[in-house]
Every structure is written in C-alpha cells, then in structure tokens.
Amino acid sequence: MSNVTVIGTQWGDEGKGKIVDWLASRADIVVRFQGGHNAGHTLVVGDQVYKLSLLPSGLVRGKIGVIGNGVVVDPKALMTEIDRVTAQGLVVTPETLWIAENAPLILPVHGALDRAREAARGEHKIGTTGRGIGPAYEDKVARRAIRICDLAEPETLNWKLDELLLHHNTLLAGLGAETFTKGQLKDFLTEITPRLLPFSCQVWDRLDEARRAGRRILFEGAQAVMLDVDHGTYPYVTSSNTVAAVAASGSGVSPSSVGFVLGIAKAYTTRVGEGPFPTELHDQTGRTLGERGHEFGTVTGRPRRCGWFDAVLIRRAVRVGGVSGIALTKLDVLDGLDEISICVGYELDGKKIETFPSAPGAQARVKPVYETMPGWKETTAGARSWAELPAQAIKYVRRIEELIEAPVTLLSTSPERDDTILMRDPFED
Ligand code: GDP
Ligand code: IMO
Ligand code: MG
C-alpha cells in the first residue's frame, strides 16, 4: 500500500482536480504542496460543480485537506474560497483543513507587482494569472516573506513589513504603479489573522503521525511539468517546481512518501498564457477541440490554446517527473474526428532533434513531426469500462503508451466524477 502523488504533465488543466477527487475516496488525507491560487481545479459531482484554487480537492470527499509549506497562500482568496464551498455544503474547519504555519503569504503588494511587471514586459509578457505568485515566491527565496506563523508575533511582523515595503515600494514606484503604506498592509493582516491562524499548524508533524498510523496520503500537484520553473518552457513558466519530488519538500515528508506518481495528461494539448507550444493548432480543428473541451481558463477565463497530443514532451515529463503511470483525460473530446495526429518527434531548422531544446528562441522554432491515425465515430463520452471503448480509441491509447514509455493506468471520459476507467489502482502499487 502506497501513497500517490498526482502531477500535471503538460501545461496545466489536464484534469488533475477531477482525478484527485476520484482517487480521494481511497485516501485519508489530500495535500497541496506547491503553487497557489493560480491553480483552478474543477470537480463535477452530480449537479454540483466545485472550482477549487487553494483548497485541496479531497475536501469535497470529506477527507482531511492540507496546504503544505510549499504553497503560497493568499489569505483573502482562501477565505473567499472557504466561504464559497461552505455555501455549497462542504465543512471546512481546523479539524478538516491543516495549513502549514511556515507557508509564505501572498499580500496585496505581490499581485500589484505581478501585474505592473507584466504590463511593463509588453510583447514578452508571460501571461501570468496576475495573482502575485511569482513575487511571493521571490520573497520567500529572498528571505523576506511574511509567513503564517509571523502573524502571531506583532513585533516580528513590524520589522518584516518595513523590509518588505522598502523592496516592493521601490519597485512599484519605478514601474509607475501605486505604492503601499505599512498601515494598509497591517489592516489587511489584522483583518485576516483571527480567521487564518486557527487553521495553521506544524503540518510536517501531523503528516508524520498520519504516516505512522498507516494513513494513505494523496499529494495534489498544481500546474504541470512544462510550467516547472526548472524543467518547463522557461521563462514562460510558473514560479514553483511542479514535479513530484516537491511533494516531499513542499509538505515536510520523506521523499519515500511520494509513492506512486500519477501523471495527468489530456488526450490532446492545451496551454493558457504565452510561450512555445509546438503542436498548437490555429485552424478549425484547434477551435473544435477548444469548443468541445470547454477550454477556458478556470482562474482567468482566458481561452486555452489547443493542439495535438505531444508525445515527446510527455515522454520527457514522465522521465523528469518520475511518473509511474498516466491518467489520460478528455478522450471524449476527440470523438468523431476523422483523423487524429500525435507529435512523435521534432525538427529544428530543418534537422531532426530527439528532445525539446532549452533556449526560448529554439523552443519557439521547433516544428512537430506527426504520425496520423484514423479517428473513431462512436462516442466514448461517459464510458466507465474499457469494454465500452471503440477499437480505434483503444489503439490511440496503446500508441500513446508506446510513445511516452509509460502505462495508461486511468482514463477519464467526461467531467463527471464517476466517468472514469481504472486499469490499475495506484494505491495498490
Ligand atoms: P486541472 O487544473 O488539471 O485540475 O484541470 P481544470 O479543472 O482546470 O480543467 C480541466 C477541465 O476539463 C475541467 O473543466 C474538468 O471538468 C474537465 N474535464 C476533466 N476530465 C474530463 C474528461 O475526461 N472529459 C471532459 N470532457 N472534460 C473533462
Ligand atoms: P492548474 O493547477 C494552467 C500559467 C499561467 C502563465 C504561467 C505563469 O489549474 O493546472 P503564474 O500566475 O503562475 O505566475 O503564471 O503559468 N498557469 C497555469 N496554466 N493551469 C494552471 O494551474 C496554471 N497556473 C499557472 O497561465 O502562463
Ligand atoms: Mg486548472
């Protein structure tokens, strides 16, 4: 019996939330370990739709949710989300939600700086969610972040705010954006402290106790390998590491606790924001995928860019992310297409290349080499067993497995929780 870590293998929005919710029935605790409210995870359970950004998806199943130290926490966004899901009938209390007291906070200065910098970048903008994720991680690494535990020490908060404001106001003023006063930030923190502090605890200690008691832990990644700050399409990435290894450091558990790494991959590819995307389709097929897949960003509402499945990128994500098996989602969106293409290699400046290059110029010039196979006319939408799938859809899945050098262990055929096919239980691996 093992733990399971779920990560995205493309550019996010692969359906991690749906799969984590589905797997959570087999787990006791669900842990977020990186990212922040840039994530948007959609869960469909009967006629209820839950859109979660910071809250671990396991809360919907009544499991304990944990926000680890690797997450950057916007306390206002968190409280708004708690209020929203509470109105939907979920119970979120300090017994069901544990937040690491050493997690750094996202403050209003971070969002302001994120947006001002994006505006200043002009045509080289990253297309961030504008939620202050990058600036908050920068502050953490620069040892200037306000962490949740600081809220209990007014003296510490006082000098830390001075240091933080000196840095941020200098930058904001230089960018021609509005600066902040210490009073503004103090008011912000004073308002959220009484609600936030009761959730905070030494998460690492509780997770260690849970491990000793034989509890099953499910780690819920946000974003994806191609958005990883080291392994993704830098600089068009997010500001955290998104690979499975971070489940350990981002929550304070042993690397051996990561367990089975389930990589989530969409049966095609999407991306929100700027940056290279070799298999992007600018034609009617791209628009069809977007319409059928309802490809609009959960967080920002921006239309997602759509393209064919890129097996070369996923093979890399499998290797870099230590993926043990793949959950292939949104197979149903391909129903009825005459032909389906898979990217099986690249060309760069007229030469065949085996792996995706690292420099942004070369990444932008990469051309995909496709293998094309017939589509299927039958519907896979709502299928709950392998036997319900058309032969051609099975061929597509099998070809993907060969190309990415990893087994497909789960299949998803609609947004609905139970429209899921299990081939191999990751908790039993
Ligand atoms: P996440 O960020 O990886 O959790 O993914 P999002 O929730 O942002 O985006 C995935 C979208 O696809 C959501 O709207 C899901 O409800 C939906 N979805 C997930 N799995 C499937 C599937 O198998 N088929 C279809 N049609 N939609 C799916
Ligand atoms: P989930 O968990 C898709 C993208 C943004 C932008 C880049 C940097 O739902 O898969 P940031 O605000 O993080 O500094 O933006 O990363 N991005 C995502 N794209 N899904 C996400 O999360 C994303 N989180 C960030 O669009 O291109
Ligand atoms: Mg999402």
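Residues numbered from 1 in each chain as written. Chains lettered and ligands numbered in written order. Predicted model: local features only at pLDDT ≥ 70, side-chain atom pairs only at ≥ 80, totals over all residues. Heavy atoms only, no water.

Colleague: Sorry if this is basic, but what is going on with the site of ligand 1 here?
Modeller: The immediate surroundings of ligand 1 are formed by 18 residues, with Lys 16, Gly 40, Thr 42, Asp 332 and Ser 412 found nearest. Interatomic distance of 3.1 Å between a backbone N/O atom of Glu 14 and an oxygen atom of ligand 1. Considering ligand 1 on its own, with 580 Å² of exposed area, one finds that the protein chains cover 93% of that surface. Every element with two or more residues in the shell around ligand 1 is listed here: helix H1 (16-23) and strand E3 (41-45). Considering each element in turn, the shell around ligand 1 owes the most residues, 3 residues, to H1. Across the shell around ligand 1, the residue classes tally to 2 nonpolar, 9 polar and 7 charged. Shared between two domains, the shell around ligand 1 takes at least three residues from each, and those domains are domain 1 (4-102 + 199-260) and domain 3 (265-428). (Near = heavy atom within 4 Å. Polar contact = N/O pair within 3.5 Å; in protein donor to acceptor, adjacent residues only side chain to side chain. Areas by Shrake-Rupley, 256 points an atom, 1.4 Å probe, with all protein chains shown as cover. Helix = DSSP H or I, 4+ residues; strand = E, 2+ residues; numbered from the N terminus. Nonpolar A, V, L, I, M, F, W, Y, C, P; charged D, E, K, R; others polar. Domains from an automatic or database assignment.)

Colleague: Which parts of the structure should I look at to understand the site of ligand 2?
Modeller: The environment of ligand 2 is made up of 20 residues, and the closest members are Asp 13, Lys 16, His 41, Thr 129 and Thr 238. Within the backbone of Asp 13, a nitrogen or oxygen atom sits 2.9 Å from an oxygen atom of ligand 2. One of the side-chain nitrogen or oxygen atoms of Lys 16 is found 2.7 Å away from an oxygen atom of ligand 2. In terms of residue class, the shell around ligand 2 is made up of 7 nonpolar, 10 polar and 3 charged.

Colleague: Would you take a moment to explain the UniProt feature "binding site: substrate" (unreviewed entry) in the protein chain for this structure?
Modeller: Feature annotation in UniProt assigns "binding site: substrate" (unreviewed entry) to the following positions: Thr 298, Val 299, Thr 300, Gly 301, Arg 302, Pro 303 and Arg 304. Residue position: Val 299 is located in the loop between helix H9 (284-292) and strand E11 (305-307). With near-sequence residues (within four places) excluded, Val 299 lies in contact with His 37, Asn 38, Ala 39, Gly 40, Ser 53, Thr 129 and Arg 131. Within the secondary structure, Arg 302 is located in the loop between H9 and E11. (UniProt positions renumbered as here; feature names shortened; annotations may be inferred. Contact = heavy atoms within 4.5 Å.)

Colleague: What is the right way to read the coordination of the magnesium ion (ligand 3) from this model?
Modeller: Ideal coordination angles are 109.5 degrees for a metal with four donors arranged tetrahedrally and 90 or 180 degrees for a metal with six donors arranged octahedrally. Summarising the metal site, the magnesium ion (ligand 3) is bound by the protein donors Asp 13 (OD) and Gly 40 (O), whose distances to it range over 2.0 to 2.1 Å. Here Gly 40 lies in the loop between strand E2 (29-32) and E3 and Asp 13 lies in the loop between strand E1 (4-8) and H1, a separation of 27 residues in the sequence. The exposure class of Gly 40 is buried, given its relative accessible area of 12%. (Donors = N, O, S within 2.8 Å, 3.2 Å for Na, K, Ca; no water. Buried < 20%, exposed > 50% of the residue type's maximum accessible area, 1.4 Å probe, protein only.)

Colleague: Sorry if this is basic, but what is going on with the UniProt feature "binding site: Mg(2+)" (unreviewed entry) in the protein chain here?
Modeller: Under the present numbering, the feature "binding site: Mg(2+)" (unreviewed entry) in UniProt falls on Asp 13 and Gly 40. Sequence-wise these annotated residues cover 28 residues; spatially they are packed, their C-alpha atoms never more than 7.6 Å apart. The residues contacting Asp 13, other than those within four sequence positions of it, are Gly 40, Lys 266, Val 272 and Arg 304. Among all residues touching Gly 40, those that are not within four sequence positions of it are Asp 13, Leu 52, Ser 53, Thr 298 and Val 299.

Colleague: Honestly, the sheet that holds E1 in this entry has me stumped. Any pointers?
Modeller: In any sheet, the strands associate via hydrogen bonds between backbone groups, in a parallel or an antiparallel arrangement. Judged by pairing direction, the sheet is mixed, and its 10 strands sit side by side in the order E7-E6-E5-E2-E8-E1-E9-E13-E17-E18 without closing on themselves. Two strands lie at the open edges of the sheet, namely strand E7 (200-201) and strand E18 (420-422), each paired on one side alone. Of the pairings in the sheet, the one linking E2 to strand E8 (residues 217-220) comprises 4 bridges and is parallel in character. Counterpart to Val 30 in the pairing with E8 is Leu 218. Of the strands in this sheet, E2, strand E5 (64-67), strand E6 (97-100), E7 and E8 touch helix H7 (residues 203-212), which is tilted by about 130 degrees from E6. (Pairing = 2+ DSSP bridges. Axes fitted to C-alpha atoms, helices over the stretch in contact; angles between N-to-C directions.)

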